[in-house]
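# Per-entry structural report
Chain by chain, the residues:
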Amino acid sequence: GAVVSQHPSRVICKSGTSVKIECRSLDFQATTMFWYRQFPKKSLMLMATSNEGSKATYEQGVEKDKFLINHASLTLSTLTVTSAHPEDSSFYICSARVGLRTDRAHGYTFGSGTRLTVV
Amino acid sequence: AQSVAQPEDQVNVAEGNPLTVKCTYSVSGNPYLFWYVQYPNRGLQFLLKYITGDNLVKGSYGFEAEFNKSQTSFHLKKPSALVSDSALYFCAVRRLHYGGSQGNLIFGKGTKLSVKP
């Protein structure tokens, strides 16, 4: 249980175009979704936290107008990279919190990631 | 500020030997600690977590971790490594709630585990 489906797994786009990444919670309601970015051989850096029905909270240094996050329903959160540039190339991962009860096996569940390459 | 440190970029182990991947943390209050594994171009898979209770936590795929409060450590261990254990391992701590934050995970930089036959 508690599966997050992330699509696409891999995308190549031209500079200046926009790319949308979707994360869907398949068997639970994700009121909160975290969006991370992972650089090669680096850790995951939190970009923003999205809450269903409200504006996302962005981490310091993350451009909210460039990385648009929408969390319109309890099962879908999207990240849109607008006017993409080569430096936006990265691995993007979403994560939903599935509960903090100690008897739950998973406090957090992750999507499988999206490899974005901007050419 | 909360943080997690993984002092080793890479750990090399022979198959069948025990392995340890180190993690230390810095938090105020009681930590919620996690270990995840990542295979190339994939998301993170949960291995185990420590919330409260026994200091020795057993997780998936034969992994375990020991919470040591005095040393602020949460090292990942396995008695006998497999080649298939080769992957990137992340230690994480949950960020405390504040100002409406929903408590995301703060990750260490990751440790690449290489198990040779």
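One can find the structure itself at the top, above this paragraph.
This one's a predicted model, so the numbers in the text were calculated from it and none came from an experiment. (Residues numbered from 1 in each chain as written. Chains lettered and ligands numbered in written order. Predicted model: local features only at pLDDT ≥ 70, side-chain atom pairs only at ≥ 80, totals over all residues. Heavy atoms only, no water.)

By a frequent convention, interface size equals the accessible area lost on bringing the separate parts together. Opposite the 27 residues of chain A that make contact, chain B presents 23 residues. Together, the buried faces of chain A and chain B total about 2000 Å²; carbon and sulfur atoms form 55% of this surface. Taken together, the connections running from chain A to chain B amount to zero salt bridges. The interface formed by chain A and chain B holds four residue pairs in polar contact (both at pLDDT 80 or more) in total. Of all the elements in the fold, those that place two or more residues in the side of chain A that touches chain B are β4 (32-38), β5 (44-51), β9 (90-97) and β10 (108-110) of chain A. Among the elements that take part in the side of chain A that touches chain B, β4 of chain A stands out by supplying four residues, more than any other. In terms of residue class, the side of chain A that touches chain B is built from ten nonpolar, ten polar and seven charged. (Contact = heavy atoms within 4.5 Å. Buried area = accessible area lost by both parts, 1.4 Å probe. Salt bridge = Lys/Arg side-chain N within 4 Å of Asp/Glu carboxyl O. Polar contact = N/O pair within 3.5 Å; in protein donor to acceptor, adjacent residues only side chain to side chain. Helix = DSSP H or I, 4+ residues; strand = E, 2+ residues; numbered from the N terminus. Nonpolar A, V, L, I, M, F, W, Y, C, P; charged D, E, K, R; others polar.)

Looking now at the state of the cysteines. As enumerated under the stated definition, the model contains two disulfides over all chains in all. The disulfide partner of Cys-23 of chain B is Cys-91 of chain B, and the S-S distance across this bridge is 2.0 Å. Taking the torsion about the sulfur-sulfur bond, which here is approximately -60°, the covalent link between Cys-23 of chain B and Cys-91 of chain B counts as left-handed. Of this pair, Cys-23 of chain B sits in the loop between β3 (19-21) and β4 (24-26) while Cys-91 of chain B sits in strand β10 (residues 87-94); the two residues are 68 residues apart in sequence, bridging distant segments of the chain. Note on accessibility: Cys-23 of chain B and Cys-91 of chain B belong to one class, buried. Here Cys-13 of chain A stays unpaired: no disulfide links it, and the sulfur of Cys-23 of chain A, its closest cysteine neighbor, is 17 Å away. (Disulfide = S-S within 2.5 Å. Buried < 20%, exposed > 50% of the residue type's maximum accessible area, 1.4 Å probe, protein only.)

All names here are of chain A. As summarised here, the arrangement of the four strands in space is β1-β3-β8-β7, forming an open sheet in which the pairing is antiparallel. On the outer flanks of this sheet lie β1 (4-7) and β7 (67-73), each paired with one strand and no other. Across the sheet, the axes of successive neighbouring strands diverge by a mean angle of 15°, strand direction being ignored. Relative to strand β8 (residues 76-81), β7 runs antiparallel, the two sharing five bridges. Across the sheet, Asn-70 pairs through a bridge with Thr-78, a residue of β8. (Pairing = 2+ DSSP bridges. Axes fitted to C-alpha atoms, helices over the stretch in contact; angles between N-to-C directions.)

Moving on: the packing of aromatic side chains. Scanning the model with the defined rule gives 15 aromatic pairs over all chains in all. Here Tyr-36 of chain B and Phe-46 of chain B contribute two aromatic rings whose centre-to-centre distance is 5.9 Å and whose plane-to-plane angle is 70°, an arrangement assigned as edge-to-face. Here Tyr-36 of chain B is found in strand β5 (residues 33-38), whereas its partner Phe-46 of chain B is found in strand β6 (residues 44-50), with ten residues between them in sequence. Residues Tyr-36 of chain B and Phe-46 of chain B agree in their burial class; the two are buried. Among the aromatic residues, those joined into a ring-pair cluster are Phe-34, Tyr-36, Tyr-108 and Phe-110 of chain A together with Phe-34, Tyr-36, Phe-46, Phe-90 and Phe-107 of chain B. (Phe/Tyr/Trp six-rings, centres within 6.5 Å; stacked < 30°, edge-to-face > 60°.)

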